[in-house]
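The primary structure of each chain is shown beneath.
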Amino acid sequence: MNSAKNAPNPAKLTPNMGLKHRNTFGLDAVAELAYEITSAEQLPDLLKGLADQNQAWRPLGGGSNVILPNQLPGATLLINIPGQEIAQSDEQNTWVSVGAGVNWHEFVAWTLEQNLPGLENLALIPGTVGAAPIQNIGAYGVEIGQYIDHIEAFDAVSHDFVTLSQAACQFAYRDSYFKRHPKRYIVTKVVFKIPKPWKPRLQYADLANQFNDPDQPPSAKDIFTAVCQIRSQKLPDPKVIGNAGSFFQNPIVSNEQYETLFKQFPRLVSYPDAPGMRKLAAGWLIDQCGFKGQRMGSVGVYEKQALVLVNHGGANSEDILNLAKIIQEKVQKNFQVQLDIEPNIF
Ligand SMILES: Cc1cc2nc3c(=O)[nH]c(=O)nc-3n(C[C@H](O)[C@H](O)[C@H](O)COP(=O)(O)OP(=O)(O)OC[C@H]3O[C@@H](n4cnc5c(N)ncnc54)[C@H](O)[C@@H]3O)c2cc1C
């Protein structure tokens, strides 16, 4: 548990702040009150004040997994808490403590510079360290939850700092305890536990194809570089074309439903999941409905990856959600499968 020993500088307040450059969809949203949070100690007084005034609030990291409305009423807390250090090390593990505002990709690169391999499959995911546990970010066969030792957060219900163990975070596919309790916790610090024994994780076809010589296994840095290259080729760069990465979660269905679908669609792309369940590739389902590369006004479906919705310029949240609804309805009609939206709708 933390406690504020010295009075911290209050969070800097900017009224009516444009957030176009703080959300990767590039939506022209305006935050009524934007507070820049640079230290955990700023939170108790600020949250108390907001509660006293009955103000709405929400944390915002890099804005790479959100759909923002034109106007964000109340307080938007821009989480910019810095700092990263090796906190502890023994023969088996290294513990690394990181501020919630640190850029995720830069942190992954830093771990490799420190000779701490493990997170390389998660390179180039946009956003902050503090948001990474919220949806338990994952890519190329690795999810971050497995590397988290504990999380420090401010609990807006008890109005105190709390520490949540990995088990308490209840990590699951694109899900966590935090995601199920929105607007309650503000993650201030994440402590990672990185095991020292390391082996490459190459089960995803893109990586397996690139590193297929068993006599020359890749280093973590080789994998980091490969992941960056593959992602840059497949996903649109938000600086060039607005998007929030995968727009829908891969739906998880029972083996029974999968078998029925597979009989009808033998090219159905799927992956094993929990016992008795199968994960379907949402991108394949959307592609089969003919949406890839389609455009509806200022929004569209990315031409190289049907799972990504894009802002061609000037779109708002309504435009995006309208297109999402059309896609959901068609996939439901053709495959009897429900697609859930991945980004957080503010
Ligand atoms: C091109 C692209 C590729 C992507 N690829 C992947 C991928 O491979 N795998 C994957 O899992 N995701 C992916 N994403 C989604 C996104 O990068 C991650 O979800 C990322 O962790 C979001 O971080 P952020 O800081 O931008 O969060 P934001 O978008 O700012 O916020 C996301 C949610 O977390 C909450 N939040 C933010 N910070 C905090 C905090 N400190 N405390 C409590 N709540 C907080 C927000 O309120 C919001 O509900 C991709 C996105 C893009 C644009």
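Preceding block: the structure.
Residues numbered from 1 in each chain as written. Predicted model: local features only at pLDDT ≥ 70, side-chain atom pairs only at ≥ 80, totals over all residues. Heavy atoms only, no water.

Chemist: So what about the layout of surface pockets? Which residues, and what values?
Modeler: What the second largest pocket holds in volume is close to 160 Å³. Ile81, Pro82, Gly99, Thr188 and Lys189 are, among the 13 residues lining the second largest pocket, the residues nearest its centre. Elements represented by at least two residues in the lining of the second largest pocket include exactly β6 (84-89), β7 (93-99) and β12 (185-195). Per element, the largest residue contribution to the lining of the second largest pocket is three residues, and it comes from β7. Its residues placed into classes, the lining of the second largest pocket shows four nonpolar, six polar and three charged. (1 Å grid on protein atoms, 1.4 Å probe; cavity = no way out; pocket = protein on both sides within 12 Å on 5 of 7 lines; lining within 4 Å. Points joined across faces, edges and corners; volume = space filled by probe spheres on them. Helix = DSSP H or I, 4+ residues; strand = E, 2+ residues; numbered from the N terminus. Nonpolar A, V, L, I, M, F, W, Y, C, P; charged D, E, K, R; others polar.)

Chemist: Residue-level account of the environment of Leu60, with values.
Modeler: Tracing the backbone shows Leu60 in strand β3 (residues 57-60). C-alpha of Leu60 to C-alpha of Glu36: the two residues are 24 residues apart in sequence and 9.9 Å apart in space. Among residues more than four places away in sequence, those in contact with Leu60 are Leu19, Arg22, Val66, Thr76, Leu77, Leu78, Ile79 and Phe346. (Contact = heavy atoms within 4.5 Å.)

Chemist: Pulling in residues and values, what's your account of the side chain of Arg201?
Modeler: Within the secondary structure, Arg201 sits in the loop between β12 and α5 (205-210). Polar contacts involving the side chain of Arg201 include one to the side chain of Glu120, which spans 3.5 Å. In this structure the side chain of Arg201 is engaged in a polar contact, spanning 3.5 Å, whose partner is the backbone oxygen of Lys199. Excluding its chain neighbours within four sequence positions, the residues that come into contact with Arg201 are Gly118, Glu120, Asn121, Val142, Gln146, Tyr147 and Leu207. (Polar contact = N/O pair within 3.5 Å; in protein donor to acceptor, adjacent residues only side chain to side chain.)

Chemist: Kindly report on helix α2 (residues 104-113), identifying the contributing residues and their values.
Modeler: Listed in full, the buried residues belonging to α2 are Trp104, Phe107, Val108, Trp110, Thr111 and Leu112. Those residues of α2 that are buried are in contact with β6, β7, β12 and α6 (220-234). Its side-chain oxygen at 3.1 Å from the backbone nitrogen of His105, Asn103 defines the N-terminal cap of α2. Downstream of α2 by one or two residues, Asn115 has phi in the positive range, about 60°. (Buried < 20%, exposed > 50% of the residue type's maximum accessible area, 1.4 Å probe, protein only.)

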